[in-house]
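Summary of structural features
The lines below spell out each chain.
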Amino acid sequence: MKLLVTGGAGYVGSTCSARLVEAGHEVVVLDDLSTGHADAVPAGARFVEGDIDDVAGEVLAEGFDGVVHCAAKSLVGESMENPAKYWHGNVVTSLNLLDAMVRHSTPRLVFSSTAATYGEPESSPIAETATTRPTNTYGATKLAIDHAITSYATAHGIAAVSLRYFNVAGAHGELGERHAVETHIIPIVLQVALGQREQVQIYGDDWPTEDGTCVRDYIHVVDLADAHLLALEHAVPNEHRIYNLGNGTGFSVKQVIDTCREVTGHPIPAVVAPRRAGDPAVLVASSERARADLGWKPERADLTTIVQDAWTFTRARAGA
Ligand code: UFG
């Protein structure tokens, strides 16, 4: 297939692009480099630097079999302080992309959605039938885009799939997390192991969980990328299908730090800090639907493997 990957210079987008190229697809990456890195565009993919709003129509006019839409603003805290950046950058831009797809008859769409569309879960693990009540602007914008995709798929025959990611981690060789502002737990802990930070703060140890710290479902970025390939293959015209992607196993913040200690051999000092606003205690996915419909199953579900791959990437980038 000839595929356009928006945000293909970012963490998830670059890994998706690499896996698509490895699977023999023709890949064009569209990225404005606002948070991505030109050197993360994998060899074998063509790179178009630009804004979706300005150039998506022009690019799609070439004729594509599908779009993998990974470009997004994705910082929860920032989304609360600067909602315009998220409503315009995520929702308006995605509408412009959908309009361009309709104009140029692009038949398939796979969209990077998020567990943040559900908000505080009523039960665990979270299935796709769970209530969507986002607790932050980031999640609200992603949910709005999911609604728009449903309408466009129905009205214009697009075969659409939204993938709701839980906590993405790990790396694919030289492709990994390189955020200017790092807020995610595994890269932060690995920065401590590298000596770039003194300690990690544990945001609360009085949560209603076994060891008192928050539990999350960590999914390897390569398993996530492979779900995109399967979604492209299984997408059905006129339908918008939604799949949660996680391992189905939760790990606490303390377990994550312990695993990082084992993998890196570093003591990784940790201090307990106040809870972070908006954090739910437990977020674990039910990925039964993705397993049943897409035949997807995480091949790198072990937290040690996930941390090892992130650590290899982090050390290589730091020249350590
Ligand atoms: N945490 C710490 N210390 C840190 C950073 C994080 O204790 O320095 C904790 C958080 O409180 C949370 C856990 O580690 O309990 C995981 O936090 P991350 O920031 O790594 O990930 P989140 O669970 O907050 O975010 C993920 C995705 C978001 C998505 C969200 C859905 O990265 O994109 O799930 O709620 F919006």
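Residues numbered from 1 in each chain as written. Predicted model: local features only at pLDDT ≥ 70, side-chain atom pairs only at ≥ 80, totals over all residues. Heavy atoms only, no water.

1. Quick look at the sheet that holds strand 12 (residues 251-252)
A sheet is described by the order of its strands in space; here three strands give the open sequence 12-9-14, paired in mixed fashion. Each of the sheet's edge strands pairs with one partner strand only, and the pair in question is strand 12 and strand 14 (282-283). Alignment of strand 9 (residues 215-216) against strand 12, held across two bridges, turns out to be antiparallel. Its bridge partner being in strand 12, Arg216 is matched across the sheet by Phe251. (Pairing = 2+ DSSP bridges. Helix = DSSP H or I, 4+ residues; strand = E, 2+ residues; numbered from the N terminus.)

2. Examining helix 6 (residues 185-194)
For helix 6, the tally of buried residues reaches nine of 10 residues, placing the bulk of the element in the interior. The secondary structure elements touched by the buried residues of helix 6 are strand 7 (167-169), strand 8 (200-203), strand 10 (218-220), helix 8 (253-264) and helix 10 (303-318). At the exit of helix 6 stands Gly195, carrying a positive phi of roughly 90°. (Buried < 20%, exposed > 50% of the residue type's maximum accessible area, 1.4 Å probe, protein only. Contact = heavy atoms within 4.5 Å.)

3. Some details on the site of the ligand
Around the ligand lies a shell of 19 residues, among which His184, Gln201, Arg216, Arg276 and Asp279 are the nearest. Contact between the ligand and Asn167: an oxygen atom at 2.9 Å from a side-chain N or O atom of the residue. A distance of 3.2 Å separates an oxygen atom of the ligand from a polar backbone atom of Thr183. The fraction of the free accessible surface of the ligand (700 Å²) that becomes covered by protein chains is 91%. Elements supplying a minimum of two residues to the shell around the ligand: helix 6 and strand 8. The element contributing the most residues to the shell around the ligand is strand 8, with three residues. Across the shell around the ligand, the residue classes tally to 11 nonpolar, five polar and three charged. (Near = heavy atom within 4 Å. Polar contact = N/O pair within 3.5 Å; in protein donor to acceptor, adjacent residues only side chain to side chain. Areas by Shrake-Rupley, 256 points an atom, 1.4 Å probe, with all protein chains shown as cover. Nonpolar A, V, L, I, M, F, W, Y, C, P; charged D, E, K, R; others polar.)

4. As for the nonpolar core
Val12, Leu20, Leu163, Val168, Leu245 and Trp296 are the most contacted members of the largest nonpolar core, which totals 35 residues. Residue assignment for this core shows that the elements contributing at least two residues are strand 1 (2-6), helix 1 (11-22), strand 2 (26-31), strand 6 (159-165), helix 7 (221-234), strand 11 (240-245) and helix 9 (288-294). Ranked by residue count, the leading element in this core is helix 7, at nine residues. Excluding its chain neighbours within four sequence positions, the residues that come into contact with Leu20 are Leu3, Val5, His25, Val27, Val68, Leu229 and Leu232. In terms of nonpolar packing, the next biggest core, distinct from the first, is built from 26 residues, Val200, Ile202, Ile268 and Trp311 among them. (Core = buried A, V, L, I, M, F, W, Y, C linked by side-chain atoms within 4.5 Å.)

5. Description of helix 10
In a regular helix each residue adds 1.5 Å, so 16 residues correspond to 22 Å; helix 10 covers 22 Å between its end C-alpha atoms and thus fits that length. Among all positions of helix 10, only Leu303, Ile306, Val307, Ala310, Trp311, Phe313 and Thr314 are buried. All buried residues of helix 10 fall inside an arc of 165° around its axis, so they share one side. The exposed set on the far side of helix 10, more than 90 degrees from its buried face, consists of Thr312 and Ala316. Phi turns positive, to about 65°, at Gly319, one or two residues after helix 10. (Expected span 1.5 Å × (residues − 1). Arc of directions from axis to C-beta.)

6. Brief notes about empty space enclosed by the protein
Taken as a whole and assessed by the stated rule, the structure comprises one cavity of 30 Å³ or more. Around the largest cavity, the lining residues are His69, Ser94, Leu97, Leu98, Met101, Leu109, Phe111, Ile145 and Ile149. Looking at the lining of the largest cavity, the elements with two or more residues in it are helix 4 (83-103), strand 5 (108-114) and helix 5 (137-156). Per element, the largest residue contribution to the lining of the largest cavity is four residues, and it comes from helix 4. In terms of residue class, the lining of the largest cavity is built from seven nonpolar, two polar and no charged. (1 Å grid on protein atoms, 1.4 Å probe; cavity = no way out; pocket = protein on both sides within 12 Å on 5 of 7 lines; lining within 4 Å. Points joined across faces, edges and corners; volume = space filled by probe spheres on them.)

7. What to know about the packing of aromatic side chains
Each aromatic ring pair is summarised here by two numbers: the centre-to-centre distance and the angle between the ring planes. A full pass over the atoms with the stated rule returns zero aromatic pairs. The cationic tip of Arg275 hangs over the ring face of Trp207; the distance from NZ or CZ to the ring centre is 3.8 Å. (Phe/Tyr/Trp six-rings, centres within 6.5 Å; stacked < 30°, edge-to-face > 60°. Lys NZ or Arg CZ within 6 Å of the ring centre and 35° of its normal.)

8. Comments concerning unusual backbone geometry
For the peptide bond that leads from Ser124 to Pro125, omega is 0°, which places it in the cis range. Mapped onto the fold, Pro125 is located in the loop between strand 5 and helix 5. If you check the backbone angles, Asn238 has positive phi at about 75° while not being a glycine. The topology assignment puts Asn238 in the loop between helix 7 and strand 11. Residue Asn238 is classed as partly exposed on the basis of its relative accessible area, which comes to 42%. Even without being glycine, Ile268 reaches a positive phi, approximately 45°. Position of Ile268 among the secondary structure elements: in the loop between helix 8 and strand 13 (270-273).

9. Observations concerning the environment of Arg133
By secondary structure assignment, the location of Arg133 is in the loop between strand 5 and helix 5. The class for Arg133 is exposed, based on a relative accessible area of 53%. With 91 residues separating them along the chain, Arg133 and Pro42 place their C-alpha atoms 36 Å apart. The contacts of Arg133, once residues within four sequence positions are left out, are Thr117, Tyr118, Gly119, Glu120 and Glu122.

In short, geometric facts, not functional conclusions.
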